[in-house]
Amino acid sequence: MINALALAVRRAHRNEKTARILITLCGIGTALVPFLIGAFLLLKGTDTFFVFHHSLGEFLFSGVWNPSDTAEGGGHVGAAMFLSGSLVTCALALVLSLPLCISTAIFMTEIATPRTRRLIQPAVELFTGIPSVVYGWIGLTVLVPFLRLIFPMPFGFSVLAAGCVLAVMIFPTITTMAADAMAAVPKTWREASYGLGATRWETIAHIVLPAAKGGIFTGIILGLARALGEALAVAMVIGQMKVFPTSLFLPASTLTTAIASDMGGAMEGGEYSAALWTMALTLFLLSFLFIFLIHRLNRASDLKGGK
Amino acid sequence: GCGSSNDANKSDAKTQAVSGSITGSGSSALLPLVKDAAEKYKAEHKDVSISLNAGGSGTGLKQVSDGSVDMGNSDVPADTKLSKDQADKLEDHKVCVMTVATIANKDVAGQVKSLTRQQLTDIFTGKITNWKEVGGPDEKVVLVTRPKTSGTRALFKQYALNGAEEASNQSLETDNSGILVQSVAQNPGAIGYVALPYLINDSTVGSIAIDGVAPTLENTYNGTYSVWGYEHIYTSKDPKPAVKSFIDYILSDKYGQRIEELGYGVSSKMQTKEVH
Amino acid sequence: MTALFVGGAGFAVVLLVAFVGFVIIQGVEGMTPEMLSFGPHGLGDMFFNTVYLVVLALVGSMITGIPAGIFLAEYAGNGKVTHWVRMAIETLASLPSIVVGLFGYLAFIVMTGSQWNLFAGALAVSILTLPLVTSVTEDALRNLPDSYRQGSLGLGASHWQTIWNILLPACFPRIMTGLIMAAGRGFGEAAALMFTAGMSTDIDWTNWDITSSSCPLNPFRPGETLALHIWALRTEALHPDAVQMASASSAILMIMVVSFSLAARWLSWRIDKKMGGSK
Amino acid sequence: MTEMTTTLIGSGAAKATEQEAVRVSQEAAGDAEYTFSVEGLDLFYDQTQALKNINMNIEKNHITALIGPSGCGKSTFLKTLNRMNDWVEGCRVTGKIQFEGKDIFKEVDPLALRYRVGMVFQQPTPFPKSIFENVAYGPRIQGISNKKELAEIVEQSLRQAVIWDELKDRLNESALGLSGGQQQRLCIARTLAARPSVILMDEPTSALDPISTQKIEDLALELKKDYTIVIVTHSMQQARRISDKTAFFLLGELIEFNDTVDMFTQPSNAQTEAYITGRFG
Amino acid sequence: MTEMTTTLIGSGAAKATEQEAVRVSQEAAGDAEYTFSVEGLDLFYDQTQALKNINMNIEKNHITALIGPSGCGKSTFLKTLNRMNDWVEGCRVTGKIQFEGKDIFKEVDPLALRYRVGMVFQQPTPFPKSIFENVAYGPRIQGISNKKELAEIVEQSLRQAVIWDELKDRLNESALGLSGGQQQRLCIARTLAARPSVILMDEPTSALDPISTQKIEDLALELKKDYTIVIVTHSMQQARRISDKTAFFLLGELIEFNDTVDMFTQPSNAQTEAYITGRFG
Ligand SMILES: Nc1ncnc2c1ncn2[C@@H]1O[C@H](COP(=O)(O)OP(=O)(O)OP(=O)(O)O)[C@@H](O)[C@H]1O
Ligand SMILES: Nc1ncnc2c1ncn2[C@@H]1O[C@H](COP(=O)(O)OP(=O)(O)OP(=O)(O)O)[C@@H](O)[C@H]1O
Ligand SMILES: [Mg+2]
Ligand SMILES: [Mg+2]
Ligand SMILES: O=P([O-])([O-])[O-]
């Protein structure tokens, strides 16, 4: 009996140790994946600067995009038009969808009865799962002809079309995050506000929205990250003209569409492919920056909110 | 031969039959032919699986050279896209001749039947921006082109535009020939270029002659139309049996007839000695 | 004021329903029996590839994702390392899928010297779903009542015994829900597969020799998925009914995603009911 | 120190009384005998009845304590008094409650009612804003935006809640950084700033340490000069220490309602006796 | 009915005693005078000290009650006895605790210690498993996998916890479907099944209705024949009703420790008196 117990204890300790090691390995291993990806991108993406001797300034700010598809190099790798294309489409998407996101989130958490909420919430979350190529396909076959019909634009393919498709894509991300953040505002704050004679709007404006600010911003950043990273849906509707996004009604290119269409054919080890890898590296760094921002933001609100 | 498709000695045929997988990618201009050949070939060789992609000649060359596909299809010789070292490691199979045609949206093609080489160059380099400058309707010129990795573009640039670089910042770049045809058909005032086979069954766009010479197979054979090139299938020096057998099939006389039906030219009929 | 918000929400929901409805109806209208067949002219092969690839990907992300979630919820303290691990996993979650696709192409195709194959595609997708599985597992563990942990530890169970015997079984349904969500993500993925799984497929349904490259079950063969097929069809001007094919593919994908999403809903609703009903 | 505090409270209270006078005359509060008089009150949450035929009069400037085991309906009753239950889905009320002679369900606007009947909760509920903004919240809601006027109200309310000295140099810090006891007194100050005449308190000290509890109790005794107070407590000792009247609830029924002294020395009901002698609960 | 239950308990208890004897002799528990003897115990959560120099002996087969206002360290002290505090981040302990003569921090494996010193929590903590599996959990952890043996232990433990008759036909149902009182007794049975010699209970009845409370109290009195029991309670009445010894904690210090009867009739400390007469807390 005593041996049985001692044995059980010993076995428990041994299993504990093994499990802890394995699980820690998996945890650290998972965390290494993005570092690995980062390392690969760094390896390939810095060729532009170290092998082909372009300056970071040229890559970021020059509008001359004419890399040579050879290992000798000698072209121009100004990616400013792709960068600005990405930023403009993301900003446009945000402008288009944010009002809808916030009002839907407010509706879900503050106005809807639990029954309605139970219907709407899954519907909104369903949006998240819709494949981006399907968005792209509908954008291509419905939105683009429609835009060509109602606006004075030569192609239909345009920054506006990309903005619309992205707006629909990031809507669920921002809405669910914002709704979660608002729902997480303690009921007691609402009660206290009502108890002081505040109306629902006063409570939402003065208590709920300020308190949920952090979550809403996190949602916005995640939405932007998704918009920035979307390749195919944008590629299907933006027209992929290698110009700066000067008009809503004209085509343009983004970082992702340029990679998606040119990477496959660019010569391995050539300047063209190096420039594309540098764009991929840029995307990676931007996502990292986004996450960093979210953490900063949350930490700041923790400090303000914590005891 | 035909015996292999005979049901009676099917089991025999199977033991001799090649098997394995073939992957190919590259030239979208050559894709219709390779696809057609694959379908016919597989009818006789049930154990071979063939997967094919477009993507552009550069893509095909790159991928065959890094080994991610077995066949790299290209409109241009390998050494124009790859380094000498890489190109030397590949085996070239010239399977046919491909003619590149200038195409335009119907509204333009109805009025502008032919352009001079200079006009064409001016249009594609962005110097001419309205069709009325070349006798067409008062409509803006919309350039629809292919990316730098395209073999069609390389041929067109070399033989139609006298080597002038097209104005890529004014053009809609399309991933392959198929979508180029669609885009030209959908956009008024659009002009682009595509391999002849894409026009065989297509009436949505009109073709434009160069210096009065229409882009047809006859004109290519007799040397009057100069925008053409050999179509290459590149493989490694020592391809898998299945790959070898497939390429042999394409080059066989039996399949030769089919090539013209699809809109490609047969190499042996070329009367000019130009090397494209 | 209320009207404004109700209007906004209503518009959004109507848009969604219209969108889903449109895709499905348009796709189903254009469908022909041939499209639904398995073979060179149907979508059946792509459908199979999609399911097969997602299953492989899920297995991949489960094997590392669930332990990683356990690590974050149970074993990682609150130190700097944990902070970085968490940040790394969040970064992974927000990486553009095309970047992951490029990485996959480099790591799983070029460096291994292989050709496009389903397995490489599955690995790329599993990288994309890994953070989801990890965070779902972590959240599920964290949301368990503390009483489970206390009760078990108080009886002299070790930490691992507690996790294995009490905590994991208790959050199994939630992890399942997470996996279903991850599957939904996998179905729709295309950008990560462009350079890994290949954009074509050719399989022989009579061939069950797994080493043969035309065997459906061989993961080391090129395998185009439905989502990728939509992308590829866009460029297929030669195919006479490319548009209908793409619409049909969209409809099939949409139906899959909607039904998986509903399944996940239903499952978590069941859990809530069971937990709620317990009181 | 205590002397100073007392005088400060004195002056604050005096001011408050002035304002009270103004408001009362404005609202023509009538000469209602009781602050609240409750008649035949039934309350349902969906199907379940949480309050059963409650009849009770709550006297002005008294502290009324509500006691009873968990789930007996004390909080529910309290929330009904300023119609906070309006916000609860599926909550239905029948019966009549008069506040200063007016039917709160028919004759009084719920917002106006809540301006006059303030509430303090079990857990301190400071908003994630500065201390100043917390206290100024009620007045702002009521439309006061003049900086000087707000500053005056804030100071006066914090003084009344005997927390001015502790916080006067930290008015712009976040209220979330305060200790539990300070937070609770801040919440009382916030309620006072809305210038109510009744304060409802739901177990205001149950989350607090003994010293903070003591402070809140002292405060309640001080405030009762100017306000009517209704307090829910789970501590019979507390009820005994501070209340004038005690109501004992059980399973939604008002079992006994009496002067606190009488209730604890000679309960007229057997269940009350069992409860206050600790035989259950 | 009650008679039957009693006899059942009797037999169960008899069995338990047998086993107890076996175990005690096997483990050579020594002839330690006290189950626990605590010397100079200090406990810190990060910087804050939650227990200050506690000295206390807990006697075998007695019920020792721990009382004191919220936050005084009762739960902390209880958790230290079976080293559940090991799991709390930032918790440091100095001083000495002997369990049956052995230093629990040096000479006893924490898992083995918890096999012998069981714990019942404020909220019932059933696992989301069947009733049977809940009770069998402890034995399984200890390496028992024989079906028949397990079934025997489960039945015996449920009998000891006076819940066998209620549950014997539902052993395969989920434990989450039981009422709060049943769940709490199930948790006690689960603890008993691990065959401890001490049972620590942290406010085991505070989430329960009066009738369930009564049952748990009866059960504690019954169990004390075979087990040493330490119980934290917020109800002085409960301490008075069931405990032999009472310890009064205040702000982390053990203010007074005495026989329950003496403590409540003639407290030797002024603070104790203030607390038990309800002047604070
Ligand atoms: N929002 C609600 N919906 C449904 N039932 C509720 C709701 N709020 C309270 N109840 C029920 O009404 C009854 C009375 O609840 P109430 O909160 O008033 O009790 P209480 O006396 O304040 O208890 P405690 O001392 O625990 O605070 C309880 O049975 C409770 O379960
Ligand atoms: N995990 C922890 N980390 C930091 N401080 C803690 C922790 N647990 C408890 N404390 C602090 O230790 C002190 C004693 O807590 P403990 O839970 O032992 O009190 P208690 O007497 O059981 O109170 P209650 O009657 O409310 O249960 C309290 O001040 C509490 O805030
Ligand atoms: Mg209450
Ligand atoms: Mg405690
Ligand atoms: O035939 P291409 O696709 O290379 O133009």
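Note that the structure is a prediction, hence the values are computed from the model and not measured. Positions within a chain are numbered from 1, following the residues in the order the chain's sequence is written. Chains and ligands are labelled sequentially in the order written, the chains with letters from A and the ligands with numbers from 1. With pLDDT at 70 or above as the cut-off, local features in this predicted model cover only qualifying residues; side-chain atom pairs require 80 or more to be listed or tallied, and sums for whole chains, interfaces and linings still use all residues. Hydrogens and water are ignored here; the side-chain numbers use all heavy atoms of the structure.

### Regarding the site of ligand 5
Residues and elements named next belong to chain B. To be explicit about the condition: Working definition: residue near molecule or strand if any one of its non-hydrogen atoms lies within 4 Å of it. Under this definition, polar contacts are N or O atom pairs within 3.5 Å; protein pairs additionally need one hydrogen-donor-capable and one acceptor-capable atom, and for neighbouring residues in sequence, both atoms have to be side-chain atoms. What sets the accessible areas is the Shrake-Rupley method with a 1.4 Å probe; for residues, cover comes only from the shown protein chains. Amino acids are sorted into nonpolar (Ala, Val, Leu, Ile, Met, Phe, Trp, Tyr, Cys and Pro), charged (Asp, Glu, Lys and Arg) and polar (every other residue, Gly among them).
All residues in the neighbourhood of ligand 5 are listed as Ser27, Ser28, Ala29, Gly56, Ser57, Asp75, Arg146, Ser150, Gly151 and Thr152. Between ligand 5 and glycine 151, the relevant distance is 2.7 Å, taken from an oxygen atom to a main-chain nitrogen or oxygen of the residue. Separating an oxygen atom of ligand 5 from a side-chain N or O atom of threonine 152 is a distance of 2.4 Å. If ligand 5 stood free it would expose 200 Å²; the protein chains cover 100% of that surface. Considered class by class, the residues forming the shell around ligand 5 number one nonpolar, seven polar and two charged.

### Structural notes on the UniProt feature "domain: ABC transmembrane type-1" (unreviewed entry) in chain A
Worth spelling out the cut-off: UniProt positions are given in the numbering used here, feature names are shortened, and annotations may be inferred rather than shown by experiment. Strands are runs of DSSP state E lasting at least two residues, helices are runs of H or I lasting at least four, and both sets are numbered from the N terminus onward.
In the numbering adopted here, UniProt assigns the feature "domain: ABC transmembrane type-1" (unreviewed entry) to residues 83–294 of chain A. Spanning residues 83–294 of chain A, this segment combines 79% helix with 0% strand, and its end C-alpha atoms are found 22 Å apart.

### What about the site of ligand 1?
Residue and element names in this part refer to chain D. With respect to spatial proximity, the complete set of residues near ligand 1 consists of Tyr45, Ala50, Ser70, Gly71, Cys72, Gly73, Lys74, Ser75, Thr76, Val88 and Glu203. One nitrogen or oxygen atom from the side chain of glutamate 203 is found 3.4 Å from an oxygen atom belonging to ligand 1. Starting from 630 Å² of accessible surface for ligand 1 in isolation, the protein chains cover 57%. No other element matches the three residues that helix H2 (residues 74–81) contributes to the shell around ligand 1.

### Considering the UniProt feature "domain: ABC transporter" (unreviewed entry) in chain D
Mapped onto the present numbering, the UniProt feature "domain: ABC transporter" (unreviewed entry) falls at residues 36–276 of chain D. Along residues 36–276 of chain D the backbone is 38% helical and 27% strand, and the end-to-end C-alpha distance reaches 26 Å.

### Observations concerning the packing of helix H8 (residues 187–195) of chain A against helix H9 (residues 200–229) of chain A
Helix-helix packing is characterised by the crossing angle of the two axes and by the distance between the axes. Residues and elements named next belong to chain A. Defined as follows: To define axes, lines are fitted to C-alpha atoms, for helices over the stretch in contact only, and angles between the resulting N-to-C directions are given on a 0 to 180 degree scale. Crossing handedness follows the turn of the near helix against the far one: under a right angle anticlockwise gives a left-handed crossing, and clockwise gives a right-handed one. Residues count as neighbours in contact if any of their non-hydrogen atoms are within 4.5 Å of one another.
In the contact formed by H8 and H9, the axes pass within 10 Å of each other and the chain directions differ by 145°. The two elements H8 and H9 cross, and the hand of that crossing is right-handed. Counting all contacts with H8, which are made through Trp189, Arg190, Ser193 and Tyr194, the residues of H9 involved are Arg200, Thr203, Ile207, Val208 and Ala211. Residues that form the contact of H8 with H9 fall into these classes: five nonpolar, two polar and two charged.

### What to know about empty space enclosed by the protein
To keep it simple, the criterion reads: A pocket, in this scheme, is an open set of points on a 1 Å grid over the protein atoms alone with protein on both sides within 12 Å along at least 5 of 7 lines, while a cavity is a set where a 1.4 Å probe fits but cannot get out; residues line either one if an atom lies within 4 Å of a point. Grid points are joined across faces, edges and corners, and a volume is the space filled by probe spheres set on the points.
According to the stated counting rule, one finds eight cavities of 30 Å³ or more in the structure shown. Volume-wise, the largest cavity comes out at about 110 Å³. Forming the boundary of the largest cavity are A:Phe157, A:Ala235, A:Met236, A:Gly239, A:Gln240, B:Leu172, B:Glu173, B:Thr174, B:Asp175, B:Ile179, B:Ser183 and C:Arg234. At the level of elements, helix H10 (232–238) of chain A together with strand E7 (171–173) and helix H8 (177–186) of chain B are the ones that each hand at least two residues to the lining of the largest cavity. Looking at side-chain class alone, the lining of the largest cavity contains five nonpolar, four polar and three charged residues.

### Focus on a nonpolar patch on the surface
Residue and element names in this part refer to chain C. Put simply, the rule is: Each patch is built from residues lacking any salt bridge and having more than 30% relative accessible area; the joining distance is 9 Å for like charges and 5 Å for nonpolar side chains (Val, Leu, Ile, Met, Phe, Trp, Tyr). What counts as a salt bridge is simple: a side-chain nitrogen of Lys or Arg found within 4 Å of a carboxyl oxygen of Asp or Glu. Partly exposed describes any residue whose relative accessible area lies between the buried limit of under 20% and the exposed limit of over 50%, with all areas from a 1.4 Å probe on protein chains only and scaled to the type maximum.
A surface patch of nonpolar side chains, about 510 Å² in accessible area, is lined by Phe38, Phe47, Val51, Val55, Val59 and Ile63. For isoleucine 63, the location among the structural elements is in helix H2 (residues 44–75). For isoleucine 63, a relative accessible area of 57% gives the class exposed.

### Topic: the sheet that holds strand E8 (residues 228–232) of chain D
Residues and elements named next belong to chain D. Stated precisely, the cut-off is as follows: A strand pair is defined by DSSP finding two or more bridges across the two strands.
One open sheet accounts for six strands, arranged E6-E7-E8-E3-E9-E10; its pairing is mixed. Looking along the sheet, the strands with just one partner apiece sit at the ends: strand E6 (117–120) and strand E10 (253–259). Each adjacent strand pair in this sheet contributes to an overall mean axis angle of 15°, direction not counted. Of the strands in this sheet, E6 and strand E7 (198–202) touch helix H7 (residues 180–193), which is tilted by about 170° from E6.

### Notes on the interface of chain C and chain A
Put simply, the test is: Reported buried area values correspond to the accessible surface (1.4 Å probe) lost by two parts on association, with both partners' losses combined.
Contact with chain C, which involves 71 residues of that partner, is made by 68 residues of chain A. Carbon and sulfur atoms make up 84% of the area that chain C and chain A hide from each other, which totals about 6300 Å². Counting every contact that joins chain C to chain A gives one salt bridge. Residue A:Glu125 is joined to C:Arg265 by a salt bridge in which the shortest nitrogen-to-oxygen separation is 2.2 Å. Between the two partners, chain C and chain A, sit seven residue pairs in polar contact (both at pLDDT 80 or more). Looking at the side of chain C that touches chain A, the elements that each hand over two or more residues are helix H1 (2–29), H2, helix H3 (80–94), helix H4 (97–110), helix H5 (118–143), helix H7 (159–188), helix H8 (226–233) and helix H9 (242–277) of chain C.

### Focus: the interface of chain B and chain A
Listed per partner, the contact involves 22 residues of chain B and 22 residues of chain A. Counting the surface chain B buries against chain A, the share from its top three residues, B:Lys62, B:Lys148 and B:Leu172, is 30%. Summed over the shared surface of chain B and chain A, the result is one salt bridge. Of the charged contacts, one joins B:Glu173 and A:Lys242 as a salt bridge, the two residues approaching to 2.5 Å between their closest N and O atoms. Inspection of the chain B/chain A interface yields three residue pairs in polar contact (both at pLDDT 80 or more). Among the elements of the structure, helix H3 (57–65) and E7 of chain B are those that each provide at least two residues to the side of chain B that touches chain A. Here the side of chain B that touches chain A takes four residues from H3(B), the largest share from any one element. Per-class residue counts for the side of chain B that touches chain A are four nonpolar, twelve polar and six charged.

### Considerations on the UniProt feature "transmembrane region" (unreviewed entry) in chain A
Look at the UniProt record and you will see "transmembrane region" (unreviewed entry) annotated at residues 21–43, 79–106, 126–147, 159–184 and 272–294 of chain A. Helix makes up 100% of residues 272–294 of chain A and strand 0%, whereas the separation of the span's terminal C-alpha atoms amounts to 34 Å.

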